[in-house]
Amino acid sequence: MQKFGLAALAAAAALAAATGASGQELRIGFINSDTGPGALIGKHLRNGWLLGLEHQGWTKDGDKIAGVPTKIFYGDDQSAKVDIGLKEADKMIRQDKVHIISGIIWSNVIMAVQKSAFDAKVMLLSANAGATPLAGALCNPLFVSSSFVNDGNAEATGLMATKDKIKTVVAMAPNYQAGKDNVTGFQRTYKGGKVLDTILFKVNESDYQADLAKVRAVKPQAVYIFAPGAMGIAFMKQWTASGLNKEIKLYSIYTIDGLTLPAIGDAALGATEASHWRPDSDNAVNKKFVKDYVAKFGHEPSYFAVQSYDAPGLIAKGLKATGGKTGDMAAMARAIRKGTMDSPRGSIKFNVNGMLIQPYWRINVVKGADGKPTLKGGEQIMLKPDAYWEKCPANMRI
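In what follows, the accompanying structure is described. (Residues numbered from 1 in each chain as written. Predicted model: local features only at pLDDT ≥ 70, side-chain atom pairs only at ≥ 80, totals over all residues. Heavy atoms only, no water.)

Turning our eyes to something else, we now look at helix α7 (residues 209-218). Counting along an α-helix, one turn takes 3.6 residues, and residues three or four places apart therefore face a common direction. Those residues of α7 lying buried are Asp-211, Leu-212 and Val-215. Each buried residue of α7 lies within a common arc of 95° when the element is viewed along its axis, so the set occupies one face. Exposed positions of α7 whose direction lies more than 90 degrees from the buried face are Ala-210 and Ala-217. Each element contacted by the buried residues of α7 is listed here: β7 (168-174), β8 (194-201), β9 (222-226) and α8 (230-242). Lys-219 occupies a position one or two residues after α7 and carries a positive phi of about 60°. (Buried < 20%, exposed > 50% of the residue type's maximum accessible area, 1.4 Å probe, protein only. Helix = DSSP H or I, 4+ residues; strand = E, 2+ residues; numbered from the N terminus. Arc of directions from axis to C-beta. Contact = heavy atoms within 4.5 Å.)

Structural data, given as C-alpha cells:
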C-alpha cells in the first residue's frame, strides 16, 4: 500500500509539472471609473474588457483563461481620485492577492499605483493610462500596455497640422499628467508654425466659456484640444455655440469617438481627430470585434473599448507562453512583450519598455449615409516608437 501510495503521488506530481497550471488560480484586479464624470469612459472600458474576457472563454469567476481558473476583482477610482485609486490597488494587492492589475483610465492614478504594484511583483497591464514616465525612466519589466503612450496621438496631430500648413495654434488640455504629455507631444512634431497659447483647464471641466473667450482674443488658425469623455462633449457643444467652429480649424484627440459622438452630434462635423484605431478598418479581427460589441452592448465602440478588449487576449498569450504558471509575473510580462498583439488595430509589436509600436491614423468626422455624423478613417500618419524608450534603463527592458 505504501509503495502504491508513493507511486500515485509521484504520478500526480509529474502530471502537475506537465500541466503547469494544475492547482493554480489567476487573480486579476481591474480598476475603473464607474462613478463620477469619468464613468462614461469607464462604461466603454468595462464593456471592452468583458467582451475580451468572453472571447477568451471567461464569463464568471472560476472560468479559465488559457486553461487557468481565473477570478477578477473590481475597484472604482471615482474618476481620477488618486487616493481612492491607490486604496483600491492596495486592497487588491494585500487582501485579494492579485497577480495582475489592469484597467486604469487616468495617468495620475497609474502613477500613484505603479510603485505598490511593482514592489509586490504584480504585473501592471494598462488598458488606457499611458503616462510617459512608465515608458522611460520609470519603466519596469512588470509593465505592459494594451493602449498607447500618452503623447502618441498628440505627435500624430502635430504632424497633421504641419502637413496642413497651419501657422498658428492654441493648445488646450486638462491640467494633469496626460494633459501635459499631450501638449508636449503636439509641440514636439508641430513645425512651421507657432503655438500662441496653452490653456490648461481643470480635470472634468464642463464650462469652457472663459477659455473660448481667450481663443477668440488670440485668433489662431487652429485649436488643438485633448478632452476625453464628458469633457469633450461639453467642449464641442460650447465650441459650436460660440461660432468659433466657423472661423477656426479644430484638431482634437481622445475627444470625438464612438463614446462621445452620439452626444455631440452635428457639432462634431468637420473636426479632424488622430487615433490609433480606425473604426472602419476591414481586418477580420476588427470586424468581429465591432459586430460582437454592438450586438452585446447596443452602441458603437470606442478606442477605450478596443484597448480594454485587447487586454484579456494579452493575458491569455502570456499564460500560454509560460505554461500557465502564475508565480512569476515578470516572466509573463516578458513573454507578452516578445510576442505581438493581435488586435482590431492589426498585428502590433511591443517596444522594449512594454509600450506598443502602432500606427496612428487621420480620422475625419463626416456625414454618414444615414445623414448622421460618423468617423471616417483617412491615411496613416505615423508609425514609430515612442519618444521615451531610450530612457528606459537597460536592466528594465525585455
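A few words on empty space enclosed by the protein. Under the counting rule described, the total for this entry stands at 2 cavities of 30 Å³ or more. In this model, the largest cavity occupies a volume close to 100 Å³. Ile-105, Asn-128, Phe-148, Tyr-176 and Phe-226 are, among the 16 residues lining the largest cavity, the residues nearest its centre. Tallied by class, residues from the lining of the largest cavity come to 11 nonpolar, 5 polar and no charged. There is about 80 Å³ of room inside the second largest cavity. Surrounding the second largest cavity, Val-149, Asp-151, Gly-152, Glu-155, Leu-356, Ile-357, Gln-358, Tyr-360, Met-382, Lys-384, Pro-385 and Asp-386 form its lining. Looking at the lining of the second largest cavity, the elements that each hand over two or more residues are α5 (152-163) and β14 (356-357). (1 Å grid on protein atoms, 1.4 Å probe; cavity = no way out; pocket = protein on both sides within 12 Å on 5 of 7 lines; lining within 4 Å. Points joined across faces, edges and corners; volume = space filled by probe spheres on them. Nonpolar A, V, L, I, M, F, W, Y, C, P; charged D, E, K, R; others polar.)

Once that is clear, we can look at the pairing of strand β5 (residues 123-126). A two-sided burial pattern is seen for β5, the buried positions comprising Met-123 and Leu-125 on one face and Leu-124 and Ser-126 on the other. With 4 bridges connecting them, strand β4 (residues 100-103) and β5 associate as parallel partners. Among the inter-strand pairings, Gly-103 is bridged to a residue of β5, identified as Ser-126. The β-α-β motif built from β4, the intervening helix α4 (residues 107-119) and the parallel element β5 has right-handed crossover chirality. The pairing of β5 with strand β6 (residues 143-145) spans 3 bridges and is parallel. Bridge pairing in β6 links Leu-124 to Phe-143. (Pairing = 2+ DSSP bridges. Right-handed = clockwise from strand over helix to strand, strands pointing away.)

For Asp-77, the location among the structural elements is in the loop between β3 (68-76) and α3 (82-94). There is no salt bridge for the buried Asp-77, and the closest opposite charge comes from Lys-81, which lies 9.0 Å off by N-O distance. Leave out the neighbours within four places in its chain, and Asp-77 touches Ile-31, Asn-32, Ser-33, Ile-84, Gly-85, Trp-106 and Val-109. (Lys, Arg positive; Asp, Glu negative; His and termini not counted. Salt bridge = Lys/Arg side-chain N within 4 Å of Asp/Glu carboxyl O.)

With that settled, consider the side chain of Asn-351. Of note, Asn-351 is situated in the loop between β13 (346-350) and β14. According to the relative accessible area criterion, Asn-351 is buried, its value standing at 8%. Setting aside its immediate chain neighbours within four residues, Asn-351 contacts Ile-357, Pro-385, Asp-386, Trp-389 and Ile-398.

This part covers the sheet that holds β5. If you trace the 6 strands from one edge of the open sheet to the other, you get β2-β3-β1-β4-β5-β6, paired in mixed fashion. Looking at the sheet topology across the chains shown, the edges are occupied by β2 (64-65) and β6. Relative to β3, β2 is paired through 2 bridges, and the arrangement is antiparallel. Residue pairing for β3: Ile-65 is matched across the bridge by Val-68. Sheet strands touched by α4: β5 and β6. Its angle to β5, the strand with the most contacts, is close to 150°. (Axes fitted to C-alpha atoms, helices over the stretch in contact; angles between N-to-C directions.)

Within soluble globular proteins, side chains that are nonpolar generally end up buried alongside one another. Ranked by size, the top nonpolar core spans 120 residues in total, and within it Ile-101, Met-172 and Ile-315 carry the most contacts. Counting residues per element, this core draws most heavily on helix α11 (residues 303-321), at 10 residues. Apart from the residues lying within four places of it in its own chain, the contact partners of Ile-101 are Gly-29, Ile-31, Ala-89, Met-92, Ile-93, Val-122, Met-123, Leu-124 and Leu-125. (Core = buried A, V, L, I, M, F, W, Y, C linked by side-chain atoms within 4.5 Å.)

Relative to the 20 Å expected for 14 residues at 1.5 Å per residue, helix α10 (residues 284-297) spans 20 Å between its end C-alpha atoms, a close match to the ideal helical length. Buried within α10 we find Asn-286, Phe-289, Val-290 and Tyr-293. Along the axis of α10, the buried residues cluster in a sector spanning 95°; they form a single face. Away from the buried face of α10 by more than 90 degrees, exposed residues Ala-284, Lys-287, Lys-291 and Ala-295 are located. Where α10 is buried, its residues contact α2 (39-55) and α11. Sitting at the amino-terminal end of α10 is Asn-283, which places a side-chain oxygen 3.0 Å from the backbone nitrogen of Val-285. Two residues or fewer after α10 comes Gly-298, characterised by a positive phi angle close to 80°. (Expected span 1.5 Å × (residues − 1). Polar contact = N/O pair within 3.5 Å; in protein donor to acceptor, adjacent residues only side chain to side chain.)

This part is about the environment of Val-113. Tracing the chain through its elements places Val-113 in helix α4. Residue class for Val-113 comes out buried when judged on its relative accessible area of 0%. Val-113 sits 31 residues away from Val-82 along the chain, and the two C-alpha atoms are 8.6 Å apart. If near-sequence neighbours (up to four positions away) are discounted, Val-113 is found in contact with Gly-85, Leu-86, Ala-89, Ile-104 and Leu-124.

Here we come to the sheet that holds strand β12 (residues 340-343). A sheet is described by the order of its strands in space; here 3 strands give the open sequence β12-β13-β14, paired in antiparallel fashion. What marks the edges here is a single partner per strand, and that holds for β12 and β14. As paired elements, β13 and β14 share 2 bridges and run antiparallel to each other. Its bridge partner being in β14, Phe-350 is matched across the sheet by Leu-356. Those strands touched by α11 are β12 and β13, and its axis lies near 130° from that of β12.

It is worth stressing that arrangement in space is one thing and function is another; only the former is reported here.
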